[in-house]
Amino acid sequence: MTPGVKPLVAGNWKMNGTSASLGELTAMAAGFGVALQEKADMLVCVPATLLFQASQTLSSAPISTGAQDCHAAANGAHTGDISTGMIADAGGLAVIVGHSERRTDHAETDAVVLEKAKAGLAEGLMTIVCIGETEAERKAGSTLDILKTQLAGSLPDSWEKGELVVAYEPVWAIGTGLTPTAEDVAEAHGFMRGQLVDRFGEKGGKIRLLYGGSVKPANAAELMAVENVDGALVGGASLKAEDFLGIANAYLEIA
Ligand code: PEP
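All of the points below concern the structure found in this document. All values derive from a computational prediction rather than experimental measurement.

## Description of the environment of Leu155
Residue placement: Leu155 occurs in the loop between helix 8 (143-154) and strand 6 (163-168). Linking Leu155 and Val129, residues 26 residues apart in sequence, is a C-alpha distance of 7.6 Å. For Leu155, the residues in contact, after removing those within four places along its chain, are Leu114, Val129, Gln150, Leu164, Val166, Leu196, Arg199 and Phe200.

Dropping the structure here:
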């Protein structure tokens, strides 16, 4: 945790879910009680096809919705893409950019991610920029170098609107059931905090730093208690209200 920074528990449904899944959102809203709302914010990034319905479903709940990607342009000949204005129009308040699955499956570079991040922030969205090392990079001992490069290349120099959030997601921990140790997470997040303060000053000290990669109810309390970990980005375990709430409930245990 970072003193004075409210944690964020964010879900990423990836390419999962149809309108039949909206009941999970209703169950999340029912289980996100006042005591927990005071401790943490909650966000669910659903597939674009569900964003409008999800936003409507949660319209009277203190849970935000968001998208999992965007195009950097406002509109135009980009078949299949969606713009940040479209996300906002569908009720989304947030967007994930630079997820490792986008970087791998769609060859997104830091430069591409940077333009998407700028577009998300310019629209006033909470913009979650994902970074993280692969297994080979970790084995080569270059984790911190990778984080440094990705932070330098993916984050804008300044922004007037929206909220910039950074998610550290070791690629080898995503969807594998493997997690770094709490000490490894502390080292990575401490390093990122230092980089952000060097670059953005006081503002960099308050940027929410999420950890993502196989977060589950069973390991959430340990990971979320780590210094400079200001919440979680959760894939698989965000699909079911019981699991997602189980992760968020870790904040009821953390002083
Ligand atoms: C993710 O996709 O952002 C993620 C962290 O996935 P999982 O929780 O399933 O590892």
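## Some thoughts on the packing of aromatic side chains
Enumeration over the complete set of coordinates arrives at two aromatic pairs. Ring geometry for Trp159 versus Phe200: centroids 5.2 Å apart, planes at 80 degrees, classification edge-to-face. Highlighted residues: Trp159 in the loop between helix 8 and strand 6 and Phe200 in helix 9 (residues 182-200), separated in sequence by 41 residues. Judged on exposure class, the residue Trp159 and its partner Phe200 are both buried.

## Here we look at the layout of surface pockets
To find leftover empty space, a probe the size of one water molecule is rolled over the atoms. Approximately 550 Å³ is the volume found for the largest pocket. Taken together, 21 residues form the lining of the largest pocket, with Met15, Gln68, Asp69, Arg102 and His106 sitting closest to its centre. The leading source of residues in the lining of the largest pocket is helix 5 (residues 100-105), at three residues. Classifying every residue of the lining of the largest pocket gives eight nonpolar, seven polar and six charged.

## Concerning the environment of Glu253
Looking at where Glu253 falls in the secondary structure, it is placed in helix 12 (residues 250-253). Residue Glu253 is classed as exposed on the basis of its relative accessible area of 62%. Measuring from C-alpha to C-alpha, the distance between Glu253 and Ala221 comes to 7.2 Å, with 32 residues separating the pair along the chain.

Rules of the game
Every chain is numbered on its own, with residues counted from 1 as its sequence reads. Local features in a predicted model are, by the rule used here, given only for residues with pLDDT of at least 70; side-chain atom pairs are given and counted only at 80 or more, and totals for whole chains, interfaces and linings are based on all residues. Note that water and hydrogens are dropped before the side-chain values are worked out from all heavy atoms of the structure. Note on conventions: DSSP H or I runs of at least 4 residues are helices, E runs of at least 2 residues are strands, and numbering of each starts at the N terminus. In what follows, residue pairs with any heavy atoms lying within 4.5 Å of each other are defined as contacts. Pairing of aromatic rings covers Phe, Tyr and Trp, the last counted by its six-membered ring, and requires centre-to-centre distances within 6.5 Å; plane angles under 30 degrees mean stacked, over 60 mean edge-to-face, and any other angle means tilted. Any residue under 20% of the maximum accessible area for its type is buried, any over 50% is exposed, and the rest in between are partly exposed; the area is computed with a 1.4 Å probe on protein chains only. Of the two site types, the cavity is a set of points on a 1 Å grid over the protein atoms alone where a 1.4 Å probe fits but cannot get out, and the pocket is an open set with protein on both sides within 12 Å along at least five of seven lines, each lined by residues with an atom within 4 Å of a point. Grid points are joined across faces, edges and corners, and a volume is the space filled by probe spheres set on the points. Throughout this entry, Asp, Glu, Lys and Arg are counted as charged residues, while Ala, Val, Leu, Ile, Met, Phe, Trp, Tyr, Cys and Pro are counted as nonpolar. The remaining residues, Gly among them, count as polar.

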